[in-house]
Amino acid sequence: MTYQPSPDRYNGQMPVRRCGKSGIDLPLISLGLWQNFGGTDVFETGRAILRRAFDRGVMHFDLANNYGPPPGSAEENFGRILASDFKSHRDELIISTKAGWDMWPGPYGGTGGIGGSRKHLIASLDQSLKRTGLDYVDIFYSHRVDPTTPLEETVGALTHIHRQGKALYVGISSYSPELTRKAAAMLAAEGVPLFIHQPNYSMFNRWIENGLLDVLNDVGAGCIAFSPLAQGLLTDKYLNGVPSDARVARDGSFRKDMLSPENLERIRALNDIALRRGQTLAQMAIAWALRDPRVTSALIGARTVEQLDNSLGALDNLGFSVEELAAIDVHAVDGGTDLWRGSSSL
C-alpha cells in the first residue's frame, strides 16, 4: 500500500528549537537509527517506525556509517524506505550521518585510530550517499575525536565536504569543550559554521553540564543529546528484573555492570517521581534532557511503534518544578553509562 503521510504532521504536535545561531529549527525529539534498523532486524518494523515518526512530526533522522548490524545496513534500509515512502518529501527531512568509528578492513577504515583522517571521512561519506541513495546529507559529523590525526586535518575534511555540497551542515560528536571550541574556531576561519554537537546526555551521564553547553552557546552551535534513556536503563524495562529480549542479553554496547544494584535503586526512585508527574520514566528522562533550552533536540531510538509513541509522549509534560528537579538530582548521578568518555575526555 502506498504510504500517505498524515496531513496533520505539522499542526503543532512537534515543537521545534532553533539549532544554535543557524537558520534551521530541529524537532524537539529526533529519531536515531543506531539500533533496530539494521540487516538483522525486521525491515517492515523499522519502516513502520519511520512512517509513524514522520506522521507525528519527526523530520530529523540520524544515521552513521557503522549503524546496523551489520555496519552500513541501517543506511541501506533507510535508503530503501526513503525511495519507497519519503522520496517526494526529501526536502521536509533533516538527514544526518557520521564517520569515525571502525567501518571497513585495513588502516583507512577507521581501525588503527585514524577515523578522523581526510581519507576516511570523505570516503565514508561517499559510501553513505551510495547506500542511502542521496545526493547530499543535511548534517555530516566527525563521530569521535581521533587522537592520532591532527584536528586541522579532520576539520579540513569537514570543510571540504561542506564546500562540495555533500553536506549542508557539519557537526562533531563526543568532543570535549576544549576541542569543540578549537574545532569551531578552525571552521569559522574557513567560513564554515559548526552547526551542531552530538553528545551522550542523560540523567546517568551529565558531563555536558560541565562546560560543553557553555561553549556551544558561545560558538553558536546546537546540541542534540543522544541516548537520553541511557540505552534503555531509564525506562521501566528493568524494574522487575531483566527481560529475555533486553539489550543487555544481545548487544555488546550495553555492559552488564550498568545494571548495578545502585543503578537499579536509582531507577526505581526516578520511576516513582515520574509516576507522580503522570509520566513513564522514559518520558520524564527525555523531558529532563530537554529542560535546558541549549539542548536543541533529544535523539531517541525505538524498537517498536509503541515504544516510539511512548517516548513522544514526553512532549505532553516538559515542565519541571524546582522541587521535582531537586528530587531528581538526588538520583541523577553518574551511572557508569558513558561508553564514549575515551573520545570526550581527550
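Scroll up for the structure.
The written sequence of each chain sets the order in which its residues are numbered from 1. Confidence filtering applies because this is a predicted model: local features only for residues at pLDDT of at least 70, side-chain atom pairs given and counted only at 80 or more, and all residues used for totals across whole chains, interfaces and linings. For side-chain calculations, the full set of non-hydrogen atoms in the structure is used, while hydrogens and water are omitted.

(A) Highlighting the overall build of the protein chain. We count a stretch as a helix when DSSP gives it H or I for four or more residues in a row; a strand needs E for two or more, and each element gets its number in order from the N terminus. A tally of regular secondary structure across the protein chain gives 11 helices and 10 strands. Only the C-alpha atoms count toward the radius of gyration. The rule for a globule is 2.2 Å times the residue count to the power 0.38. Here the C-alpha atoms of the protein chain give a radius of gyration of 19 Å, agreeing with the 20 Å that 2.2 N^0.38 yields for 346 residues. Across its three principal directions, the C-alpha atoms of the protein chain cover 50 × 50 × 40 Å. For every residue, the accessible area obtained with a 1.4 Å probe (protein chains only) is divided by the maximum for its type, and the residue is called buried under 20%, exposed over 50%, and partly exposed between those limits. The buried share of the protein chain, taken over its 346 residues, is 57%. Pairs at least 24 residues apart make up 77% of the contacts formed inside the protein chain by residues separated by at least 6 positions. For the area figures, the Shrake-Rupley method with a 1.4 Å probe applies, and any residue is considered shielded solely by the protein chains shown. Only carbon and sulfur atoms are counted for the fraction: they give 52% of the accessible area of the protein chain, which is about 14100 Å². Positive: Lys, Arg. Negative: Asp, Glu. His and the chain ends are not part of the count. By convention, charge coordinates are those of NZ in Lys, CZ in Arg, CG in Asp, or CD in Glu. Between the averaged position of the 35 positive side-chain charges in the protein chain and that of its 39 negative side-chain charges there is a distance of 3 Å. Contacts are assigned to residue pairs that have any heavy atoms within 4.5 Å of one another.

(B) Helix H6 (residues 212–219), seen in detail. The set of residues buried in H6 consists of Leu212, Leu213, Val215 and Leu216. Seen from one end, H6 has its buried residues packed into an arc of 160 degrees, which puts them on one side. Of the surrounding secondary structure, the elements contacted by the buried residues of H6 are helix H5 (177–189), strand E8 (194–198) and strand E9 (222–226). With its phi angle positive at about 80 degrees, Gly220 sits one or two positions after the end of H6. Working definition: the arc comes from the directions between the helix axis and the C-beta atoms, pointing outward to the latter.

(C) Spatial organisation of the packing of aromatic side chains. Any two of the Phe, Tyr and Trp rings considered here, Trp counted by its six-membered ring, make a pair once their centres fall within 6.5 Å; the pair's planes then place it as stacked at under 30 degrees, edge-to-face at over 60, or tilted in between. One pass over the structure, following the stated rule, counts eight aromatic pairs. Residues Trp34 and Trp340 carry aromatic rings whose centres are separated by 6.0 Å and whose planes lie at 70 degrees to one another, so their mutual orientation is edge-to-face. In this pair, Trp34 sits in the loop between strand E3 (29–32) and helix H1 (43–55) while Trp340 sits in the loop between helix H10 (322–331) and helix H11 (341–344), placing the two residues 306 residues apart along the sequence. Judged by relative accessible area, Trp34 falls into the partly exposed class, the value being 25%. Grouped by ring-pair contacts, the aromatic residues Tyr3, Phe54, Phe61, Phe78 and Phe86 constitute a single cluster.

(D) Summary view of the nonpolar core. Remark: nonpolar core denotes a set of buried residues (Ala, Val, Leu, Ile, Met, Phe, Trp, Tyr, Cys) joined through side-chain atoms within 4.5 Å. With 93 residues, the main nonpolar core has Leu31, Phe61 and Met203 as its most contacted residues. The element best represented in this core is helix H8 (residues 281–289), accounting for eight residues. Beyond its immediate chain neighbours, meaning those up to four positions away, Phe61 contacts Leu31, Leu33, Leu50, Ala53, Phe54, Phe78, Phe86, Leu93, Ile94, Ile95 and Ser96. The next biggest cluster of nonpolar side chains, apart from the first, holds 11 residues, and it includes Cys19, Ile139, Tyr141 and Leu299.

(E) Geometry of helix H3 (residues 118–132). Any helix carries an expected span of 1.5 Å times its number of residues minus one. With 15 residues, H3 should cover 21 Å at 1.5 Å per step; its first-to-last C-alpha distance of 21 Å lies within 8% of that length. Of the residues making up H3, those classed as buried are His120, Leu121, Ile122, Ser124, Leu125, Ser128, Leu129, Arg131 and Thr132. Each element contacted by the buried residues of H3 is listed here: helix H2 (73–86), strand E5 (94–99), strand E6 (137–142) and helix H4 (151–164). One or two steps after H3, the chain reaches Gly133, where phi turns positive at roughly 75 degrees.

(F) Up close: the sheet that holds E6. Any two strands between which DSSP finds at least two bridges are classified as paired. Pairing is parallel around the closed barrel formed by eight strands, whose spatial order is E3-E4-E5-E6-E7-E8-E9-E10. Looking at each pair of strands side by side, their axes are set apart by 30 degrees on average, direction ignored. Two elements, E3 and strand E4 (residues 60–62), share two bridges in a ladder whose sense is parallel. Each residue of the ladder has a partner; that of Leu31, found in E4, is Phe61. Lines are fitted to the C-alpha atoms to define the axes, a helix being fitted only along its stretch in contact, and any angle between axes, read from their N-to-C directions, falls within 0 to 180 degrees.

(G) Spatial organisation of the side chain of Arg47. Here Arg47 is to be found in helix H1. Ignoring sequence-local partners within four residues, the contact set of Arg47 consists of Ile81, Ser84 and Asp85.

(H) Representation of the environment of Leu290. Here Leu290 is to be found in the loop between H8 and strand E10 (297–300). For Leu290, a relative accessible area of 3% gives the class buried. A sequence separation of 183 residues divides Leu290 from Pro107, and the C-alpha atoms of the two residues are 39 Å apart. Setting aside its immediate chain neighbours within four residues, Leu290 contacts Arg17, Leu28, Ile29, Val295, Ser297, Ala298 and Leu318.

(I) Fine view of the pattern of salt bridges. We define a salt bridge as a side-chain nitrogen of Lys or Arg found within 4 Å of a carboxyl oxygen belonging to Asp or Glu. For the structure on display, the rule yields 22 salt bridges. Its salt-bridge partner being Glu75, residue Arg131 comes within 2.7 Å of it at the nearest N-O pair. Of this pair, Arg131 sits in helix H3 while Glu75 sits in helix H2, placing them 56 residues apart in sequence. Asp292 is paired through a salt bridge with Arg294; the nearest N and O atoms lie 2.8 Å apart.

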